[in-house]
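In case you want the letters, here they are:
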Amino acid sequence: MNNIFSGLSVGLRALETQRKSLDVTGHNIANANNEDYNKQRAVHKASYPYTAPGLSNHGGAGQFGTGVEIEQVERVKDQFINSQIFNETQTSGYWEEMQRGLEKVEYILNEPSDSGIDNSINQFWNSLQDLSNNPGDDAARNMVRENAYNVIDSFQSVENQLNDYKASINENLSNAAADINNITKKMADLNKQIVSVKGSGQNPNDLLDQRDGLYKDLNKLINVQSRKDDRGNLIVSTEGLQLVNGSDAYELKVEAGDPGKFNDTLKHSRTGTEINPTNGKIAAWMDMRDNKLNADDANSVVAKLNKLAANMVEDFNKQHEAGYDANGDQGGKFFAEISNADQAISQLA
């Protein structure tokens, strides 16, 4: 009789274990479209045998198995591949924003087009050609003057749009800092929950997935590094400065730069240290603002436009001063003098 009930108990335990395993499978299927989800697996082991070894036990055939049970539900995850994904997420974030930035600059320059700098200069040269054929024609003189104003407007329109774009980058920094602070706060809260669950001897798989998803989002914005402590906390830092440590999160802030300089800086709120990201979206924005659109960088778009404006003014004024006006007087400067070649666009008048 005992053998019958023992057999039923083994069968019942087996059915219950398989049912729980099917629950895990169902959970995997339900999260098939969840990008942050890692597949889970029920690990089976033989349940504790009947009659534990001891002095009071009779010397029979030995222990009898009692069936199967679930030892743990674990995540099926390759840590090396995940770390590679996080690193590539940083690089992907950088180049996606850099591409958008360059496309924005290309749109601002708007070349070739009927409203760009190149076309306005061509119209100016054409009107000068017409004037050279009819030096005494007032209408031709007025056309040269109007086309010169169009050239000036074209340069200044591009500059204003580039400045607006640089101002928008500063707004992006402020928004990104707020996003980072929100993410790190959530990660700190998850750290607290994960440590609590681990302390009870269970695997907080879904909580770990949520934390990894937030960490991936963080990698998109800024280059970060992480490590786990022996309690299960994920400690996150950037440029050697901690953002998350256990249940504590440390915020970033954007400090306004010089007026009109578009040089707002990102700082660690606790230490006041300036942060210069090397990867992620923020790094791309800063690279675009501080390098690609920086007048002090000879290879930047702004520097090349300034040089074009300065050379045009200098060479044209030199030729204009060598000629004579309608009254026979020595010619003067046609364009206003540019005192600073690095700011030629805004001074062109």
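A. Quick peek at the packing of aromatic side chains. Using the criterion set out here, one finds 10 aromatic pairs in the structure. Their ring planes at 35° and their centres at 6.1 Å tell us that phenylalanine 124 and phenylalanine 334 sit as a pair that is tilted. In this pair, phenylalanine 124 is assigned in helix 3 (residues 117-133) and phenylalanine 334 in the loop between helix 7 (301-321) and helix 8 (344-347), connecting sequence segments 210 residues apart. Between tryptophan 125 and phenylalanine 316 the ring centres are 6.2 Å apart and the planes differ by 35°, which places this aromatic pair in the tilted class. Residue tryptophan 125 is found in helix 3, and its partner phenylalanine 316 is found in helix 7; the two are separated by 191 residues along the sequence. Classification of tryptophan 125 as partly exposed rests on a relative accessible area of 38%. According to the relative accessible area criterion, phenylalanine 316 is buried, its value standing at 14%. Aromatic rings pair up to connect Phe124, Trp125, Phe316, Phe334 and Phe335 into one cluster.

B. Summary view of unusual backbone geometry. A cis geometry characterises the amide bond from glutamate 111 onward to proline 112, with omega recorded as -10°. If you trace the backbone, proline 112 turns up in the loop between helix 2 (79-109) and helix 3. Of note, asparagine 110 is a non-glycine position whose phi angle comes to about 55°, a positive value. If you trace the backbone, asparagine 110 turns up in the loop between helix 2 and helix 3.

C. Structural view of the sheet that holds strand 7 (residues 252-255). With antiparallel pairing, three strands are arranged side by side in an open sheet as 7-8-9. Edge positions in the sheet fall to strand 7 and strand 9 (274-275), since each has one partner strand and no second. Of the strand pairs in this sheet, strand 8 (residues 265-268) and strand 9 are connected by two bridges, and their pairing is antiparallel. For lysine 267, the partnering residue across the bridge sits in strand 9 and is glutamate 274.

Analysis parameters
- Within every chain, residues take consecutive numbers counted from 1 along the sequence as written.
- Per-residue local features are limited, in this predicted model, to residues with pLDDT of at least 70; the limit for side-chain atom pairs, both in listing and counting, is 80 or more; totals at the level of whole chains, interfaces and linings are taken over all residues.
- In computing side-chain values, all of the structure's heavy atoms are included and hydrogens and water are not.
- By convention, a stacked pair of Phe, Tyr or Trp rings (six-membered ring in the case of Trp) has centres within 6.5 Å and planes under 30 degrees apart, an edge-to-face pair has planes over 60 apart, and any other such pair is tilted.
- Segments assigned H or I by DSSP are reported as helices when at least four residues long, segments assigned E as strands when at least two residues long, and all are numbered from the N terminus.
- The buried label applies to any residue whose accessible area, calculated with a 1.4 Å probe on protein chains only, is under 20% of its type's maximum; exposed applies above 50%, and partly exposed to all values in between.
- By definition, two strands form a pair when at least two bridges between them are found by DSSP.

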